[in-house]
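Chain and residue survey
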Amino acid sequence: MTPNIITEAHPHSFGSRMTVAQRKEAHELRKTLKPLMEKRRRARINDSLNHLKTLILPLVGKDASRYSKLEKADILEMTVRFLRDLPSSSAKGQTDSYKEGYKACLQRISTMLPQSNLETEAHQRVSEFIHTCSSRWRLLHRPARTAVLRTQK
């Protein structure tokens, strides 16, 4: 005898062993579920568009109370326009931001250092480090005009 192979297919599958009644039942189930799934999908889209509207209106300077009935296409167009008009973050801008943050951090440490409870030696090392960094900072970030004047002398 050969091993017994499962002859009953799952009622919702489309195997060759499904009876006509099972196929019909699966078809009816799909017909019933499809509108429900579509309704949920539309509800998710509408919820997301409403959320997007509440986010985008203040960003583009519009009063939300005056724009309570916006079409979906209008919301999407506003969002695309807003995103397109955002300044692109360039590598130079990020470098400048880093440098400004580093400089601000050094200044903050130098103002807080006298109030710290560091030992004298540690206090002196931190002060020297800040002084060295600040000196390098000034040398590296002089305006280009002064550098040109010095080379002309």
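Just above, that's the structure.
Below is a short write-up of the structure.

Conventions and cut-offs
- What you see as residue numbers is a count from 1 along each chain, following the sequence as written.
- The predicted origin of the model limits local features to residues at a pLDDT of at least 70 and limits the giving and counting of side-chain atom pairs to 80 or more, whereas totals for whole chains, interfaces and linings rest on all residues.
- Here the side-chain values reflect all heavy atoms present in the structure, with hydrogen atoms and water set aside.
- Secondary structure counts use DSSP, requiring at least four H or I residues in a row for a helix and at least two E residues in a row for a strand, with both numbered from the N terminus.
- For a helix, the expected span equals 1.5 Å multiplied by the number of residues minus one.
- We call a residue buried when its accessible area falls under 20% of the maximum for its residue type, exposed when it is over 50%, and partly exposed in between, using a 1.4 Å probe and counting protein chains only.
- The arc in question is formed by the directions pointing from the helix axis toward the C-beta atoms.
- Contacts were defined at the residue level, with two residues in contact if any of their heavy atoms lie within 4.5 Å.
- The salt bridge definition used is simple: a Lys or Arg side-chain nitrogen within 4 Å of an Asp or Glu carboxyl oxygen.

1. Focus on helix 2 (residues 72-85)
- Here helix 2 is 14 residues long and its end C-alpha atoms lie 20 Å apart, about the 20 Å a rise of 1.5 Å per residue gives.
- All of the buried residues along helix 2 are Ile-75, Met-78 and Thr-79. Considered in projection along helix 2, the buried side chains sweep an arc of 95° and stay on one side of the axis. What points out from helix 2, more than 90 degrees from its buried face, is the exposed set Arg-84 and Asp-85.
- Buried residues along helix 2 sit against helix 1 (20-59).

2. Let's talk about the pattern of salt bridges
- Enumeration over the complete set of coordinates arrives at two salt bridges.
- Arg-41 is paired through a salt bridge with Glu-38; the nearest N and O atoms lie 2.5 Å apart. A residue pair is termed a helical-turn pair when its members lie 3 or 4 positions apart in one helix, as Arg-41 and Glu-38 do in helix 1 at three residues.
- Close ionic contact of Glu-38 with Arg-42 constitutes a salt bridge, the shortest N to O distance being 3.7 Å. With Glu-38 and Arg-42 both in helix 1, this residue pair falls four residues apart, about one helical turn.

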